[in-house]
There are 2 protein chains.
Amino acid sequence: MAATTSRTLELLSLLQSHRHWSARELTGRLGVSDRTLRRDVERLRELGYGIESLRGSAGGYRLEAGTGLPPLLLSDDEGVAIALGLRSQATAGLRGAEHTTLSALAKIEQVLPPALRRRIEALQSHTAVGAGGAWNRSGRPTPEVDAELLGLLALASRDSERLRFRYTDATGAASARVVEPYRLVPVARRWYLLAWDRERLDWRTFRLDRISEVFSTRVRFEPQEMSEEAARERVERAVRHRRRSIRARIVVELPQAELAEHLGWYGREVEAVDASHCAWPIEAESVEALGMALIWLPAGVAYRVEDSPELRAYLTAQAERFAAAARASA
Amino acid sequence: MAATTSRTLELLSLLQSHRHWSARELTGRLGVSDRTLRRDVERLRELGYGIESLRGSAGGYRLEAGTGLPPLLLSDDEGVAIALGLRSQATAGLRGAEHTTLSALAKIEQVLPPALRRRIEALQSHTAVGAGGAWNRSGRPTPEVDAELLGLLALASRDSERLRFRYTDATGAASARVVEPYRLVPVARRWYLLAWDRERLDWRTFRLDRISEVFSTRVRFEPQEMSEEAARERVERAVRHRRRSIRARIVVELPQAELAEHLGWYGREVEAVDASHCAWPIEAESVEALGMALIWLPAGVAYRVEDSPELRAYLTAQAERFAAAARASA
DNA sequence: GCCAATGCGGACGAAAAGTGACCGGATGTC
DNA sequence: GACATCCGGTCACTTTTCGTCCGCATTGGC
């Protein structure tokens, strides 16, 4: 049944896997006459996919960018790669596009066969969070959002399905919750779930890394309207433990242009103080992270810290630790 | 024409965008009778997609994980999110799955409408490379692979299309090249293109960040067989400037378990020395990166460096710099 | 300039499929 | 038990699909 639908999909898949195909190759693969192939191409074109054809002795068909995205026909491996990409994208907390990333993630998580899911987990544990190499970290040594949890919650929120889970609050008290999940909101590098707590009959905000033992009850609920902004606001208000962000201003003995060039993207806020000094405003969640920033200042250039006694104290202490370690290593 | 093919795709798309649909909703959207809907569902099931149906008053259809990946029907936004995820995945140099990531990337780049491409570029410039925030960096301040270039080259390699570009070699000499691209290979955090140089009639290895002004001549060439491994080997041999990796062993005055817990994923190689000491082998491309690692050791715990006079010297120097900065800030 | 290779699309008729209406049945929830 | 929902068989009718045959257009190499 439906030879033509599946054949059309297969044609699209072939066109996606190689740029160029001659009619002969395609008819061979699909097992149809050339006339039918032409009709299939026509069909795809009518559906909006840009298929270009070239005549002459080097002729053939090629899939071009069209007006919309065609269905992506992926191999298992590619599916795994995409899921990994989306997960790391989501856990890294890309600003501005979280919602879309989650919706794409939900789509793929929904249909991910278990075997692939296992592959993803294996790969994820083999690679550093956020990918890269050993020393690529953002703040504390253990941010580590559980990407799978994120996917699960995204799916349940999208589909308005009740959830049961265990929650350990800030004081360490654990409780069992039954909630109607609405949105996932990233605030200050952490993910929060905004949900209606069915037992407390009120809105609650749950920090993802405190959620465990999630059960997807496949029971649907009737969601109330809630805009992205409203959700964000609510969560931000709820997050009492505000981001304790530390700022400092580093004054460096270097012209603005030179430092900016050395730092690249990270130095985009460097401003000139005078012809031979510039100031670099930095901000992070901990003094350690600020200390890391200072490591990357060019060697042999003097600098000083402004507006942050905290960082200054830290530098003094850290200088001693480094010196002690160096002495101990002799 | 072909109402049924497009309708089937649309049904799949609907099922992907929400988990649960009743027959009434679907027939309404698709404009067909319920019998036809059932036949469409049947068709999709025959194609291997897992569609579960629930009877009873809360009944409906739901797309489940099947045996394979169904075509992903994405909105424009979601396509952008996926492309972004793949690009950052690729530029971050995920080990072990580069090839697959590139093949998925090629697939989506091939069909990305120009408007979406522009959106991606805009988003990319607004977000830190590798995502995250200010202090998430891997090594040197400026790795910054051009993700778009990567996509372009991946596409040309996959499809065996000749390329023209400008190349600036290590000595700074620029030249125009016409090549037949074969593979993209990541070595030591950098991407290289292995290609046959049509003018020099030999294999050449090009570092991506030295390539510019690429033109895709849409001329195809007949590729020779080349395995992934052969390509990797060739590039690694060609890359004379071998990864200058620095190793050190940090002996910490802390039981193995405690340090391992504090460091989390990064401390997975920590080994016990005796009951109250453990050793942490670390490795990075620069002493600065190693210094960063040391910052994250728990405060107040003494440690010393083994096997790396380089790091020791660096610590002495850095201690002085920190101290000087702290003094200057008074 | 000619030729071979390639893609284009109209016409036709036989075969296949898709479609809706109708039905009795099964399986859930309330 | 009442109700809502999905299930899948059958039938008659309509539409599409498909291969074959055709002359035409375009391209690159000889």
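Cut-offs applied
Residues numbered from 1 in each chain as written. Chains lettered and ligands numbered in written order. Predicted model: local features only at pLDDT ≥ 70, side-chain atom pairs only at ≥ 80, totals over all residues. Heavy atoms only, no water. Near = heavy atom within 4 Å. Polar contact = N/O pair within 3.5 Å; in protein donor to acceptor, adjacent residues only side chain to side chain. Helix = DSSP H or I, 4+ residues; strand = E, 2+ residues; numbered from the N terminus. Nonpolar A, V, L, I, M, F, W, Y, C, P; charged D, E, K, R; others polar. Pairing = 2+ DSSP bridges. Axes fitted to C-alpha atoms, helices over the stretch in contact; angles between N-to-C directions. Contact = heavy atoms within 4.5 Å. pLDDT = per-residue confidence, 0-100. Core = buried A, V, L, I, M, F, W, Y, C linked by side-chain atoms within 4.5 Å. Buried < 20%, exposed > 50% of the residue type's maximum accessible area, 1.4 Å probe, protein only.

(A) Main features of the protein's contact with DNA strand C. Taken together, 24 residues are adjacent to DNA strand C, and Ala23 and Tyr61 of chain A together with Arg7, Thr36 and Arg43 of chain B come closest. When atoms of DNA strand C within 4 Å of the protein are split into backbone and base, the sugar-phosphate part holds 61%. Contacts to DNA strand C include Arg38 of chain A, whose side-chain N or O atom sits 2.8 Å from a base oxygen. Tyr61 of chain A places a polar side-chain atom, nitrogen or oxygen, 2.4 Å from a phosphate oxygen of DNA strand C. At the level of elements, helix H2 (23-30), helix H3 (34-46), strand S2 (50-54) and strand S3 (60-64) of chain A together with helix H1 (3-17) and helix H3 (34-46) of chain B are the ones that each hand at least two residues to the surface near DNA strand C. Per-element tally for the surface near DNA strand C: the top contributor is H3 of chain B, with 4 residues. Of the residues assigned to the surface near DNA strand C, the class counts are 5 nonpolar, 10 polar and 9 charged.

(B) Up close: the sheet that holds strand S7 (residues 202-207) of chain A. All names here are of chain A. Strand order in this open sheet of 5 strands is S7-S6-S5-S4-S8, and the pairing throughout is antiparallel. Taken across any chain shown, the strands that pair with only one partner, and hence form the sheet edges, are S7 and strand S8 (211-220). Geometrically, the sheet is characterised by an average inter-axis angle of 45 degrees between neighbouring strands, direction not taken into account. Of the pairings in the sheet, the one linking strand S5 (residues 174-187) to strand S6 (residues 190-197) comprises 8 bridges and is antiparallel in character. Considered in S6, the bridge of Val187 is made with Arg190. Across the face of the sheet, helix H7 (residues 147-159) comes into contact with strand S4 (161-168), S5, S6 and S8 while running at roughly 90 degrees to S5.

(C) View of the confidence of the model for chain A. Taken over all residues, the pLDDT of chain A has a mean of 83, while the share at 70 or more is 89%. Within the model, the stretch residues 128-143 of chain A combines pLDDT values under 50 with 47 contacts to residues more than four positions away or in other chains.

(D) Quick look at the sheet that holds strand S7 (residues 202-207) of chain B. Residue and element names in this part refer to chain B. The antiparallel open sheet is built from 5 strands, whose spatial order is S7-S6-S5-S4-S8. A strand with exactly one partner marks an edge of an open sheet, and here the two such strands are S7 and strand S8 (211-220). Within the sheet, the average angular offset between the axes of one strand and its neighbour, ignoring direction, is 45 degrees. As defined by bridge partners, strand S4 (residues 161-168) adjoins strand S5 (residues 174-187) across 6 bridges and the pair is classed as antiparallel. Paired with Leu163 across the strands is Val179, a residue of S5. Relative to the sheet, helix H7 (residues 147-159) contacts S4, S5, strand S6 (190-197) and S8, its axis offset from that of S5 by approximately 90 degrees.

(E) Inspection of the nonpolar core at higher detail. If you look at the biggest cluster of nonpolar residues, it comprises 100 residues, and the most contacted ones within it are Ile211 of chain A together with Ile211 of chain B. Leave out the neighbours within four places in its chain, and Ile211 of chain B touches Leu149, Leu153, Phe165, Arg166, Tyr167, Leu193 and Phe206 of chain B. Ranked by size, the runner-up nonpolar core spans 62 residues in total, among them Leu294 of chain A together with Ile250, Leu254 and Ala326 of chain B.

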